[in-house]
Amino acid sequence: TIAHFFQGGSLDGGNPGEDTSRIQPEDLTDDVFNFIFADPKKPVGIPESKIPKGTLEKMRKEFLYWYPMDLRVSGKDLIQNHLTMSLYNHAAIWSKNPEMWPRSFYTNGHVQLDNQKMSKSTGNFLTLEDAVEMFGSDACRFALAEAGDGLEDSNFSKDTADKTILKLTTLDEWVDEQIAAIESLREGEFNIFDKTFDNEMNTIVGEACKAYKEMRFRDAVVNVFHGMLTARDWYREYVVGGMHRDLVKKFIKVISVTLAPICPHFCENIYAKASKVIGVSGMVVDAKWPDLPKTDKVLSAQTDYIRTLSSSIRSTLSKQKKKAEGKTTLKLTISKDLPVWKTFILKTFKESHDAKGELLDNKSLSTKMKESGLFKNKKMMKNAMSYAAMLQADFRTRGIKALQTEVLFDEAQLVKDSTNILIKGTPFQTVEVAEAGENDRAEPGKPTISYL
């Protein structure tokens, strides 16, 4: 904040006695600091000092410009010393003005190299300068962002950095292809695939914004790079009539702006060369964050449903090749309601997650199941605990979506409308939708799969 007033242009301060025009150490009295650090809400008089009045006022103005400190970033090993003392010091100086205390601290773990502790003695060591020389700055930034956040030790992977070069190059070439072919791309009203892709980009931008604000850079990379590419790849594979021109333009603009904090040089390049196509000017570092509509939750739920079901169909088919041999119809049995006992377990898990942010442990769940009176014998209890274990595994993969108890759309109609997606790459020619009977294993949002 004010250190540069004392340093005289030298980072280490040099020798103050060599320049009599500089602020001298003996002039930094308690009265001077009491003036600089005084309550910002109250007027304060200029103290008697050899330091010129104008300089003192500049120092106070500059201090108040930077304070209070919004964020201090440091290592987890400093929590018990430097960071704690920082809080003590601020509390001591501004005991009556807690609004001047640090607003937040962010600590991170140590950096490993290829899952091993960095050590010069073992040769497992890499400086930032050497890393940039090997992979380039953007690939290094990408690998560091993907290395991990928080108190756990992060892992800089050379393989990730190396592969990032190829991934960015591939994306760069794709952008060139779209710029060249932009006039030939489809126009007009959006179809269901266009709407899905558009909605996914809106969702990704919202999630990425939240991740950046919370300094969760790995999550940001998952969204703005992997998430965007996955959404684009799924869209162009299944959309009828080719990609829509407006959505290709939106994709290029969105990914160049949202990925720029991680890969600024790469994004500056694609933003500049696509500027006429996407209707922008200037530099990407000056571009505003995309202001896009909020997520359409129903459309997002439909997209997740079709992707999950499509994956399940292919996974099941790979395990049941003999069973499906000679069959031409894919049968999907859909249920609108869950058995009461399954609803109870789902509701119990959801209540636990809402209250504590985690699922109920098995012992507590078992107690609640016995108290409910729904589980009459050991066999029912055993089946219920197996179902709970399946939900827990699904929760680790899909998060809160695994506990969704109601379907936000007409499941049967969506399956019928998505036939071409569901049977693509399979030996089936048609899809038959059936309603679940009392003994079927189908659940809302989770149809059973068979072949005819």
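Owing to the predicted nature of the structure, the values given are computational and were not obtained by experimental measurement. (Residues numbered from 1 in each chain as written. Predicted model: local features only at pLDDT ≥ 70, side-chain atom pairs only at ≥ 80, totals over all residues. Heavy atoms only, no water.)

Any details on a nonpolar patch on the surface? Residues and values, ideally.
Among the surface-exposed residues, Met 85, Leu 87 and Tyr 88 lie close enough to one another that they form a single nonpolar patch of about 310 Å² accessible area. In this fold, Tyr 88 is placed in helix H4 (residues 79-93). Judged by relative accessible area, which is 53%, Tyr 88 ranks as exposed. (Patch = residues over 30% accessible without salt bridge, like charges linked within 9 Å, V, L, I, M, F, W, Y side chains within 5 Å. Areas by Shrake-Rupley, 256 points an atom, 1.4 Å probe, with all protein chains shown as cover. Salt bridge = Lys/Arg side-chain N within 4 Å of Asp/Glu carboxyl O. Helix = DSSP H or I, 4+ residues; strand = E, 2+ residues; numbered from the N terminus. Buried < 20%, exposed > 50% of the residue type's maximum accessible area, 1.4 Å probe, protein only.)

Which residues make up the layout of surface pockets, and what are the values?
For the second largest pocket, the calculated volume is near 640 Å³. Along the walls of the second largest pocket sit 27 residues, with Val 111, Cys 140, Arg 141, Leu 144 and Ala 145 positioned nearest its centre. Elements with a contribution of two residues or more to the lining of the second largest pocket: strand E2 (105-108), strand E3 (111-113), helix H5 (128-135), helix H6 (137-146) and strand E5 (154-156). If you tally residues by element for the lining of the second largest pocket, the top one is H6, at four residues. Classifying every residue of the lining of the second largest pocket by side-chain character gives 17 nonpolar, seven polar and three charged. (1 Å grid on protein atoms, 1.4 Å probe; cavity = no way out; pocket = protein on both sides within 12 Å on 5 of 7 lines; lining within 4 Å. Points joined across faces, edges and corners; volume = space filled by probe spheres on them. Nonpolar A, V, L, I, M, F, W, Y, C, P; charged D, E, K, R; others polar.)

Explain helix H17 (residues 378-398) to me, and be specific about the residues and the numbers.
End to end, H17 covers 30 Å across 21 residues, agreeing with the expected 30 Å (1.5 Å per residue, within 8%). Among the residues of H17, those classed as buried are Met 381, Ala 384, Tyr 387, Ala 388, Leu 391, Gln 392, Asp 394 and Phe 395. One side of H17 holds all its buried residues, which, seen down the axis, span an arc of 165 degrees. Of the residues in H17, the exposed ones pointing more than 90 degrees away from the buried face are Lys 378, Lys 379, Lys 382, Arg 396 and Thr 397. Turning to H17, the residues buried within the fold contact helix H15 (340-356) and helix H16 (362-372). (Expected span 1.5 Å × (residues − 1). Arc of directions from axis to C-beta. Contact = heavy atoms within 4.5 Å.)

Before we move on, can you summarise the packing of helix H8 (residues 192-213) against helix H13 (residues 297-319) with the specific residues and values?
Axis separation between H8 and H13 bottoms out at 10 Å; the angle between their running directions is 105 degrees. On the basis of the axis angle, H8 is roughly perpendicular to H13. Contacts between H8 and H13 pair Ile 192, Lys 195, Thr 196, Asn 199, Glu 200 and Thr 203 from the former with Leu 299, Ser 300, Thr 303 and Arg 307 from the latter. Residues that form the contact of H8 with H13 fall into these classes: two nonpolar, five polar and three charged. (Axes fitted to C-alpha atoms, helices over the stretch in contact; angles between N-to-C directions. Parallel < 35°, antiparallel > 145°, perpendicular 65-115°, else oblique.)

Explain the sheet that holds strand E4 (residues 116-117) to me, using residue names and the numbers behind them.
Ordered by their spatial adjacency, three strands build an open sheet running E4-E3-E5, and the pairing between neighbours is mixed. Across the chains shown, the open sheet's two edge strands, defined by having one partner strand only, are E4 and E5. Two strands pair when backbone bridges link them, and E3 and E5 are joined in this way by three bridges, in the parallel orientation. Of the residues in E5, the one forming a bridge with Val 111 is Ser 154. (Pairing = 2+ DSSP bridges.)

Please set out the side chain of Lys 342 residue by residue, giving values where relevant.
Among the structural elements, Lys 342 can be located in helix H15. Look past the residues within four positions of Lys 342 in its chain and what remains in contact with it is Tyr 387, Arg 441 and Glu 443.

Break down the environment of Arg 236 for me, citing the residues and quoting the values.
Along the chain, Arg 236 turns up in helix H9 (residues 217-238). Residue Arg 236 is classed as partly exposed on the basis of its relative accessible area of 38%. In this structure the C-alpha to C-alpha distance between Arg 236 and Phe 197, which are 39 residues apart in sequence, comes to 9.4 Å. If near-sequence neighbours (up to four positions away) are discounted, Arg 236 is found in contact with Trp 174 and Met 243. Side chain to side chain, Arg 236 and Asp 233 meet in a polar contact 3.2 Å long. (Polar contact = N/O pair within 3.5 Å; in protein donor to acceptor, adjacent residues only side chain to side chain.)

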